[in-house]
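Reading the structure
For reference, the chains in residue letters:
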Amino acid sequence: MAAALLSTVSSFRLSNIKANPLRVPRLLAPPSVSFSRRQLTIRATETDANEVKPQVPDKAPGGGSGFNQILGIKGAKQETDIWKIRVQLMKPVTWPPLIWGVVCGAAASGNFEWNVENVAKSIVCMMMSGPCLTGYTQTLNDWYDREIDAINEPYRPIPSGVISENEVITQIWVLLLGGLGLAGILDVWAGHKFPIMFYLALGGSFISYIYSAPPLKLKQNGWIGNFALGASYISLPWWAGQALFGTLTPDIIVLTLLYSIAGLGIAIVNDFKSVEGDRAMGLQSLPVAFGFETAKWICVGAIDVTQLSVAGYLLGAGKPYYALALLGLIAPQVFFQFKYFLKDPVKYDVKYQASAQPFLILGLLVTALATSH
């Protein structure tokens, strides 16, 4: 849910910062970082990787797209409108998997009925999971990744200085409290004696914080961090949807956590474009730790083997038609892996995710329907 997760800093020196520093709250920024309203300039020295080039572009390549800016993906147009910048930090492109996870959980409960009240509950739960808590997660992650983004994508809102530190921190708090508030409302609405929605939201928010923030910063470890991210995108929204309309059972918890290994693979896709900054900051993402070629196969292996295992589970549980449907949805994913991702995970990452991930999330719904019968 919070969502997710997501993504710590080894020995790193900042030098030659040509800006007038602003004060940064101690809990949200290392003391060795200086900010200006306009731009944060960072150079890495004496890393184990090849030397990071000190000259970086000040603008998005190709001028950028307004559509990409609103979605919060790379190739975004540089904006000055504060509300468009706020939406960009929330990365709406990351919301659909969380929203779909709520749908899967509601389907798995076996109790969802198409009436006005249930649809309204679902929409509130989707707002909690997507815009609020995923938006909180993404904004928080960008805040703690500002040094890395200053190397990889210096034109992003925070390192470029088009949004101030206080505006970012305010957004983080508003989204977090809004998500927790909606969770509490859902508990009352559903008549829960135990506030399970609130605790799921609180737990997901905590995972998001330790994923991005020191001292734990789970994203420094490619395995732990990416699994935490995958679980936040697959397990947590499913649990929320199922708990809202039914009972969250131990077997579903185990099944969705195993399914989250596929989410680990999806999370690795985003690590390839950040290798230079991750190396400079000492983050052990899988492409940094294993190299591009090995990491590519770890990525697709985690996605494919997980889904094949779930298909085998459904077949063993006496649900062959669901198993066959899931196998049919795995095939196009493998095709797009060879067509795009395995050729060039940096150049084709957006095309690959747009082409392959719809089949993965449809597979989630197939699994949810199978568990509800």
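See the structure shown above.
Scope of this entry: the structure provided in the associated data block. (Residues numbered from 1 in each chain as written. Predicted model: local features only at pLDDT ≥ 70, side-chain atom pairs only at ≥ 80, totals over all residues. Heavy atoms only, no water.)

Re the overall build of the chain
Regarding its fold elements, the chain presents 15 helices and zero strands. With 373 residues in all, the chain has 53% of them scored as buried. In the structure as shown, the chain presents an accessible area of about 16,900 Å², 64% of it carried by carbon and sulfur atoms. (Helix = DSSP H or I, 4+ residues; strand = E, 2+ residues; numbered from the N terminus. Buried < 20%, exposed > 50% of the residue type's maximum accessible area, 1.4 Å probe, protein only. Areas by Shrake-Rupley, 256 points an atom, 1.4 Å probe, with all protein chains shown as cover.)

Description of the environment of Ala108
Within the secondary structure layout, Ala108 lies in helix 3 (residues 95-109). Classification of Ala108 as buried rests on a relative accessible area of 6%. Separated by 264 residues in the primary sequence, Ala108 and Ser372 place their C-alpha atoms 4.5 Å from one another. If sequence neighbours within four positions are ignored, Ala108 has contacts with Trp238, Gln242, Ala368, Thr371 and Ser372. (Contact = heavy atoms within 4.5 Å.)

Concerning the nonpolar core
Cys125, Met128, Met197, Trp238, Phe341 and Tyr352 are the most contacted members of the largest nonpolar core, which totals 71 residues. Top contributing element to this core by residue count: helix 13 (residues 292-316), with nine residues. Each residue touching Met197, except ones within four places of it in the same chain, is listed here: Cys125, Met128, Ala183, Leu186, Asp187, His192, Ala240, Ala243 and Leu244. Ranked by size, the runner-up nonpolar core spans eight residues in total, among them Ala228, Leu229, Tyr233 and Ala267. (Core = buried A, V, L, I, M, F, W, Y, C linked by side-chain atoms within 4.5 Å.)

Considering helix 4 (residues 116-144)
Between its first and last C-alpha, helix 4 extends 41 Å over 29 residues, near the 42 Å set by a 1.5 Å rise per residue. Residue Thr134 marks the point of greatest curvature in helix 4, where the axis turns by about 30 degrees. The buried fraction of helix 4 is high, at 21 of 29 residues. The N-cap of helix 4, judged by a side-chain oxygen 3.3 Å from the amide nitrogen of Glu117 a few residues on, is Asn115. (Expected span 1.5 Å × (residues − 1). Bend = angle between axes of the 7 residues up to and from the residue. Polar contact = N/O pair within 3.5 Å; in protein donor to acceptor, adjacent residues only side chain to side chain.)

Let's talk about the packing of helix 4 against helix 9 (residues 222-245)
Following both chains from N to C, one finds helix 4 and helix 9 inclined at 150 degrees, their axes separated by 11 Å at the closest point. In terms of orientation, helix 4 and helix 9 fall into the roughly antiparallel class. Considering how the two elements wind past one another, helix 4 and helix 9 form a crossing that is right-handed. Contacts between helix 4 and helix 9 involve Asn118, Lys121, Ser122, Cys125, Met128, Thr134 and Gln138 on the former and, on the latter, Tyr233, Ala240, Leu244 and Phe245. Here the contact of helix 4 with helix 9 is composed, by residue class, of six nonpolar, four polar and one charged. (Axes fitted to C-alpha atoms, helices over the stretch in contact; angles between N-to-C directions. Parallel < 35°, antiparallel > 145°, perpendicular 65-115°, else oblique. Left-handed = near helix turned anticlockwise from the far one by under 90°. Nonpolar A, V, L, I, M, F, W, Y, C, P; charged D, E, K, R; others polar.)

Focus on a nonpolar patch on the surface
A contiguous nonpolar patch, built from Leu308, Tyr321, Leu324 and Leu327 and spanning about 460 Å² of accessible area, is present on the exposed surface. With three residues, helix 14 (residues 320-341) is the largest single contributor of residues to the nonpolar patch. The residue Leu327 is located in helix 14 in this model. (Patch = residues over 30% accessible without salt bridge, like charges linked within 9 Å, V, L, I, M, F, W, Y side chains within 5 Å. Salt bridge = Lys/Arg side-chain N within 4 Å of Asp/Glu carboxyl O.)

Digging into the pattern of salt bridges
Overall, the coordinates contain seven salt bridges when judged by the stated rule. With a closest N to O distance of 3.8 Å, Glu117 and Lys121 form a salt bridge. A residue pair is termed a helical-turn pair when its members lie 3 or 4 positions apart in one helix, as Glu117 and Lys121 do in helix 4 at four residues. Judged by its relative accessible area of 42%, Glu117 is partly exposed. What makes Lys121 buried here is its relative accessible area of 10%. One salt bridge connects Asp145 with Lys219, and the closest N-O pair in it is separated by 2.5 Å. In this pair, Asp145 is assigned in the loop between helix 4 and helix 5 (146-152) and Lys219 in the loop between helix 8 (196-212) and helix 9, connecting sequence segments 74 residues apart. The pair Asp145 / Lys219 is uniform in exposure class, with both members buried.

Notes on the side chain of Arg146
Structurally, Arg146 is set in helix 5. Lacking a salt bridge, the buried Arg146 has Glu147 as its closest oppositely charged neighbour, with an N-O distance of 4.5 Å. A polar side-chain atom of Arg146 sits 2.4 Å from the main-chain carbonyl oxygen of Trp143. (Lys, Arg positive; Asp, Glu negative; His and termini not counted.)

Description of unusual backbone geometry
Along the chain, Pro214 connects to Pro215 via a cis peptide bond; the corresponding omega equals 10 degrees. Relative to the helices and strands, Pro215 is located in the loop between helix 8 and helix 9. The backbone phi angle of Lys217 is positive, close to 35 degrees, even though this residue is not glycine. Mapped onto the secondary structure, Lys217 falls in the loop between helix 8 and helix 9.

Treat this as a map of the structure, not an account of what it does.
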